[in-house]
Amino acid sequence: SMRDRGRHKTHLWPMLRQLYPNVSSVEHWSPPLHWSFPTADRHAINLLWHHHAMQSGQYLKGQQQQQQRQQQPQPVLPKEVRLQIFSFTGRGWFKSDGNRGMTKLG
């Protein structure tokens, strides 16, 4: 509920600001704050990050990586760009509360 979100905000954010004084916003995702985000957000960011890495061949070794590079174009989003994109993710952005989220097909 909104009340719970507000309570979470008032208790968590001051602590995060003390722990991470150099982070510009504790409301938005950044690598040092990843642990403090809701589970749904962490899972979605991990999925998107690792999916991109798999598509780019980052996890392949040697000849297998070389063959894949020849077969498909490389993604155009370097790590720095992905970090910038994810920095716009607010807390609870990927949360499904029953009124939003994925709908069943069929």
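Residues numbered from 1 in each chain as written. Predicted model: local features only at pLDDT ≥ 70, side-chain atom pairs only at ≥ 80, totals over all residues. Heavy atoms only, no water.

**Q** Explain the overall build of the protein residue by residue, including any values.
**A** Looking only at helices and strands, the protein features four helices and zero strands. For the protein, the N- to C-terminal ordering of α and β elements is α-α-α-α. In the protein, which comprises 106 residues, the share counted as buried stands at 25%. Considering only intrachain contacts with a sequence separation of at least 6, the fraction spanning at least 24 residues in the protein is 54%. If you sum the accessible surface of the protein, you get close to 8300 Å²; carbon and sulfur atoms cover 57% of it. (Helix = DSSP H or I, 4+ residues; strand = E, 2+ residues; numbered from the N terminus. Buried < 20%, exposed > 50% of the residue type's maximum accessible area, 1.4 Å probe, protein only. Contact = heavy atoms within 4.5 Å. Areas by Shrake-Rupley, 256 points an atom, 1.4 Å probe, with all protein chains shown as cover.)

**Q** Could you give an account of the packing of aromatic side chains, with specific residues and numbers?
**A** The geometry of an aromatic ring pair is captured by the separation of the ring centres together with the interplanar angle, meaning the angle of the planes. Scanning the entire structure with this criterion turns up three aromatic pairs. Arranged with centres 5.7 Å apart and planes meeting at 75°, the rings of Trp 29 and Phe 86 form a pair that is edge-to-face. Residue Trp 29 is found in the loop between helix 1 (2-19) and helix 2 (39-56), and its partner Phe 86 is found in helix 4 (residues 79-86); the two are separated by 57 residues along the sequence. Note on Trp 29: relative accessible area 7%, which makes it buried. For Phe 86, a relative accessible area of 9% puts it in the buried group. (Phe/Tyr/Trp six-rings, centres within 6.5 Å; stacked < 30°, edge-to-face > 60°.)

**Q** Tell me what's going on with a nonpolar patch on the surface, and back it up with residues and numbers.
**A** On the surface, a cluster of nonpolar side chains totalling about 310 Å² of accessible area is made up of Met 15, Leu 19 and Trp 35. Along the chain, Leu 19 turns up in helix 1. (Patch = residues over 30% accessible without salt bridge, like charges linked within 9 Å, V, L, I, M, F, W, Y side chains within 5 Å. Salt bridge = Lys/Arg side-chain N within 4 Å of Asp/Glu carboxyl O.)

**Q** Could you give an account of the side chain of His 34, with specific residues and numbers?
**A** Relative to the helices and strands, His 34 is located in the loop between helix 1 and helix 2. The residues touching His 34, leaving out its near neighbours within four places in the chain, are Trp 29, Arg 42, Ile 45 and Asn 46.

**Q** How would you explain the nonpolar core if you had to name every residue and give the values?
**A** Leu 12, Trp 13, Leu 16, Val 23, Val 26, Trp 29, Leu 33, Phe 37, Ile 45, Trp 49 and Phe 86 together form the largest nonpolar core, which totals eleven residues. Sorting the residues of this core by element identifies helix 1 and helix 2 as the ones contributing at least two each. The dominant element in this core, judged by the number of residues it contributes, is helix 1, at three residues. (Core = buried A, V, L, I, M, F, W, Y, C linked by side-chain atoms within 4.5 Å.)

What is shown is where atoms sit, not what they do.
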